[in-house]
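What follows is the residue order along each chain.
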Amino acid sequence: MKSLFKRSIFFILAVTAVSCVENSKPNYQYMPNMYETVSYEPYGAYEVFVNEQEAKLPVEGTVSRGWKPYEYENSPEGYATAKTELENPLPYTEDNLAAGKALYTIYCAVCHGDKGDGKGILVQREKFLGIPNYSDVGRAITEGSVYHVQYYGLNAMGSYASQTSIEERWLITHYVMKLKNDLEGGPERAFEAAPGTEPEENLMPPVNAEQTMEVKQNEAEGEPIDEN
């Protein structure tokens, strides 16, 4: 009887121990620093770092993933050069124009207005004054100048380089130029074919293509056609 009781107690203890085991997590950690990284405060001071500074600047010459250097400097000369040389690399498609309109509504319409006439809600409330019209003859904006101003800002307008990506700024540029054209009463610009949507050449000739070509050639030369 005592033996059965002892066996029952041992069985219960064994089941209890096994039920608490989780294969994904060991019960004991002998060297936790080997696989659990020590966390540091971003601006904390620790002896393991040079000058005890945890936050470090990127290595000189580091370029962020997806970022491309902008060659034009923030100066009147840089603006003039970009205005003349820069062209929109994105195709003028219906999808790109729609995306540009959405971004324009978020970032630009509040000042420049939905139509690009410089009568946005902040202008109407007299928070900002002197917002130009996209069709102003004296400005004669181009794709390059629109992008340049988005990148660096101009006068009361700040830079949008941190809020938008390279592609987004070019999408906005498409829509700004569309508004300029509408204000000037120009003809609607035709959409371009999106990359990869051009019809492919049919490399397989139709059935009896050679016979069809021979018949047409005989007809052109006035020779009788053998229909057998």
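Provided above is the structure to which this section pertains.
Residues numbered from 1 in each chain as written. Predicted model: local features only at pLDDT ≥ 70, side-chain atom pairs only at ≥ 80, totals over all residues. Heavy atoms only, no water.

Turning our eyes to something else, we now look at the overall build of the chain. Helix and strand counts for the chain come out as eight helices and zero strands. Walking the chain from its N terminus toward its C terminus, one meets helices and strands in the order α-α-α-α-α-α-α-α. Expressed as a percentage of the 228 residues in the chain, the buried residues total 22%. Once local pairs closer than 6 in sequence are excluded, the contacts in the chain between residues at least 24 apart make up 53%. Counting every atom, the chain has about 18,200 Å² of accessible surface; 55% of that belongs to carbon and sulfur. (Helix = DSSP H or I, 4+ residues; strand = E, 2+ residues; numbered from the N terminus. Buried < 20%, exposed > 50% of the residue type's maximum accessible area, 1.4 Å probe, protein only. Contact = heavy atoms within 4.5 Å. Areas by Shrake-Rupley, 256 points an atom, 1.4 Å probe, with all protein chains shown as cover.)

Once that is clear, we can look at the state of the cysteines. Under the counting rule described, the total for this entry stands at zero disulfides. Cys 108 takes part in no disulfide bond, and the closest cysteine sulfur, belonging to Cys 111, lies 8.9 Å away. Residue class for Cys 108 comes out buried when judged on its relative accessible area of 13%. (Disulfide = S-S within 2.5 Å.)

Next up on the list: helix H7 (residues 166–184). An ideal rise of 1.5 Å per residue puts 27 Å on 19 residues; H7 measures up with 27 Å between its terminal C-alpha atoms. Elements that come into contact with the buried residues of H7 comprise helix H3 (94–107) and helix H6 (143–152). (Expected span 1.5 Å × (residues − 1).)

Take the packing of aromatic side chains next. Summed over the entire model, instances satisfying the criterion amount to 13 aromatic pairs. Ring geometry for Tyr 40 against Phe 49: centres 5.2 Å apart, planes inclined by 75 degrees, an arrangement best described as edge-to-face. By relative accessible area, which is 34% here, Tyr 40 ends up partly exposed. Aromatic rings pair up to connect Tyr 70, Tyr 72, Tyr 147, Tyr 151, Tyr 152 and Trp 170 into one cluster. (Phe/Tyr/Trp six-rings, centres within 6.5 Å; stacked < 30°, edge-to-face > 60°.)

Tyr 70, Leu 86, Tyr 104, Tyr 134, Tyr 147 and Val 176 are the most contacted members of the largest nonpolar core, which has 22 residues in total. Those elements that place two or more of their residues in this core are H3, H6 and H7. Among the elements that line this core, the one with the most residues is H7, at six residues. For Tyr 147, the residues in contact, after removing those within four places along its chain, are Tyr 70, Leu 86, Ile 166, Arg 169, Trp 170 and Thr 173. (Core = buried A, V, L, I, M, F, W, Y, C linked by side-chain atoms within 4.5 Å.)

The interhelical angle for the contact between H6 and H7, taken along N-to-C directions, is 130 degrees, at an axis separation of 9 Å. Of the possible angle classes, the one that applies to H6 and H7 is oblique. Judged by the twist between their axes, the crossing of H6 over H7 is right-handed. For the pair H6 and H7, contact is made by Glu 143, Val 146, Tyr 147, Gln 150 and Tyr 151 and by Ile 166, Arg 169, Trp 170, Ile 172, Thr 173, Val 176 and Met 177, respectively. The residue inventory of the contact of H6 with H7, partitioned by class, reads eight nonpolar, two polar and two charged. (Axes fitted to C-alpha atoms, helices over the stretch in contact; angles between N-to-C directions. Parallel < 35°, antiparallel > 145°, perpendicular 65-115°, else oblique. Left-handed = near helix turned anticlockwise from the far one by under 90°. Nonpolar A, V, L, I, M, F, W, Y, C, P; charged D, E, K, R; others polar.)

Attention shifts here to the pattern of salt bridges. Evaluated as defined, the whole model comprises three salt bridges. Residue Asp 182 pairs with Lys 178 through a salt bridge whose shortest N-O separation is 2.8 Å. Taken together, the residues span about one helical turn, with Asp 182 and Lys 178 both in helix H7 at a distance of four residues. For Asp 182, a relative accessible area of 35% corresponds to the partly exposed category. The partly exposed category is assigned to Lys 178, whose relative accessible area is 21%. As a salt-bridge pair, Glu 184 and Lys 180 come within 2.8 Å of each other at their nearest N and O atoms. Taken together, the positions of Glu 184 and Lys 180, both in helix H7 and four residues apart, correspond to about one turn of that helix. Judged by relative accessible area, which is 44%, Glu 184 ranks as partly exposed. (Salt bridge = Lys/Arg side-chain N within 4 Å of Asp/Glu carboxyl O.)

Geometry only, nothing functional implied.
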